[in-house]
Amino acid sequence: MVTVLLSNQQKYILEVLRKLGCVRTSQLQALVRGKFQRPDFEIGDARMTAMLRQLRSGLGDFHLDGGFVYLARGQPDTLRLEAIDVMLELSEGAPQDFIVKVDSPRLLRFGLGGDKLKLFSVARLSHVSDPRLIQRERSERIVWISDSGTPPEGLALPPKHFFAARQSDGSHCFYGSNGP
């Protein structure tokens, strides 16, 4: 049996993969950078590549394939990957925490720190007939995404609900409700 010694960053990478299943390398680097980067310690491309290469050679169920990083059973899920992009944009790469074991139509839930913790959920619009029927926690904001990346004609959102429209560069424009 071979013992593999992992850095704190590599332990975090495995934690992220256990939660998310499959991520783009760029998303993983943003999460690691958001958690660990300091003025005296940069998570650049070379450091990230070295950490991933070490994980791949030391762990049999760790995979790098075509810009994706995943553990043995993880497979790319287009909307989950987009939900991760939304989380990274809203949190500037540093979510307080996140979970993916959430009730449908939610894809992932994350918190933003600061003076007061703000809870966000990214949800799949195609899995609900009317977003106004979704129950949310009092402090929760729901960000809706769709398969097409654009809002359906006449979409009406209740307060604290937003739609993330995918732009051609992969980023998102956020549209909110008209209510209080």
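Residues numbered from 1 in each chain as written. Predicted model: local features only at pLDDT ≥ 70, side-chain atom pairs only at ≥ 80, totals over all residues. Heavy atoms only, no water.

A.B. asks: Is there a simple way to think about the sheet that holds strand E3 (residues 68-71) in this case?
C.D. replies: Two orientations exist for strands paired in a sheet by backbone hydrogen bonds: parallel and antiparallel. Pairing is antiparallel across the open sheet formed by three strands, whose spatial order is E1-E3-E2. Both outer strands of the open sheet, strand E1 (22-24) and strand E2 (62-65), are each paired with one neighbouring strand and no more. This sheet shows a mean twist of 20° between the axes of neighbouring strands, independent of strand direction. One ladder, built from four bridges, connects E2 with E3; its direction is antiparallel. Residue pairing for E3: Asp65 is matched across the bridge by Phe68. Of the strands in this sheet, E1 and E3 touch helix H2 (residues 25-36), which is tilted by about 90° from E1. (Pairing = 2+ DSSP bridges. Helix = DSSP H or I, 4+ residues; strand = E, 2+ residues; numbered from the N terminus. Axes fitted to C-alpha atoms, helices over the stretch in contact; angles between N-to-C directions. Contact = heavy atoms within 4.5 Å.)

A.B. asks: Sorry if this is basic, but what is going on with the side chain of Gln10 here?
C.D. replies: Here Gln10 shows up in helix H1 (residues 8-20). Of note is the side chain of Gln10, whose polar atom sits 3.0 Å from the backbone nitrogen of Ser7. (Polar contact = N/O pair within 3.5 Å; in protein donor to acceptor, adjacent residues only side chain to side chain.)

A.B. asks: Would you mind going over the sheet that holds strand E7 (residues 140-145) with me for this structure?
C.D. replies: Reading across the sheet, the six strands line up as E4-E5-E6-E7-E8-E9 and stay open at both edges, with mixed pairing between neighbours. With one partner strand each, in any of the chains shown, strand E4 (97-99) and strand E9 (172-176) form the two edges of the open sheet. For this sheet the average axis-to-axis angle between neighbouring strands, irrespective of direction, equals 25°. Sheet analysis places E4 next to strand E5 (residues 106-112), joined by three bridges and oriented antiparallel. Each bridged residue has a counterpart across the sheet, and for Asp97 the counterpart in E5 is Gly111.

A.B. asks: Would you take a moment to explain H1 for this structure?
C.D. replies: Along an α-helix, residues three or four apart share an orientation, since each turn contains 3.6 residues. A rise of 1.5 Å per residue sets the reference length of H1, with its 13 residues, at 18 Å; its end C-alpha atoms lie 18 Å apart and thus fit the reference within 8%. Within H1 the residues assigned to the buried category are Gln9, Gln10, Tyr12, Ile13, Leu14, Val16, Leu17 and Leu20. Just downstream of H1 lies Gly21, where phi reads positive at about 85°. (Expected span 1.5 Å × (residues − 1). Buried < 20%, exposed > 50% of the residue type's maximum accessible area, 1.4 Å probe, protein only.)

A.B. asks: What is the right way to look at the pattern of salt bridges in this model?
C.D. replies: Side-chain pairing between opposite charges can occur once the charged atoms of the two side chains come close. Counting across every chain of the model gives nine salt bridges. Residue Lys19 pairs with Glu15 through a salt bridge whose shortest N-O separation is 3.8 Å. A residue pair is termed a helical-turn pair when its members lie 3 or 4 positions apart in one helix, as Lys19 and Glu15 do in helix H1 at four residues. We classify Lys19 as partly exposed; its relative accessible area is 24%. When the shortest N-O distance is used, the salt bridge between Asp85 and Arg24 registers 2.9 Å. Remark: Arg24 occurs in strand E1 and Asp85 occurs in helix H4 (residues 78-91); sequence separation between them is 61 residues. Owing to a relative accessible area of 28%, Arg24 belongs among the partly exposed residues under this scheme. Here the residues in one salt-bridge network are Arg106, Arg109, Glu137 and Glu140, joined through shared partners. (Salt bridge = Lys/Arg side-chain N within 4 Å of Asp/Glu carboxyl O.)

A.B. asks: Hey, could you run me through unusual backbone geometry in this one?
C.D. replies: A negative phi angle is the norm for most residues apart from glycine, just as the trans form is the norm for most peptide bonds. Cis peptide bonds are those with omega within 30 degrees of zero, and the linkage from Ser104 to Pro105 qualifies with 15°. Tracing the chain through its elements places Pro105 in the loop between E4 and E5. The phi dihedral of Glu92 falls on the positive side, at around 55°, and the residue is not glycine. By the element assignment, Glu92 lies in the loop between H4 and E4.

A.B. asks: Quick question: what am I supposed to make of the packing of H1 against helix H3 (residues 45-58) here?
C.D. replies: Geometry of a packed helix pair, given as the angle between the helix axes and the separation of the axes. Contact pair H1 / H3: the axes reach a minimum separation of 10 Å and the direction vectors enclose 70°. The angle between H1 and H3 places the two elements in the roughly perpendicular class. Judged by the twist between their axes, the crossing of H1 over H3 is right-handed. In this structure, H1 uses Gln9, Gln10, Ile13 and Leu14 to contact H3, whose residues at the interface are Met48, Met51, Leu52, Gln54 and Leu55. (Parallel < 35°, antiparallel > 145°, perpendicular 65-115°, else oblique. Left-handed = near helix turned anticlockwise from the far one by under 90°.)

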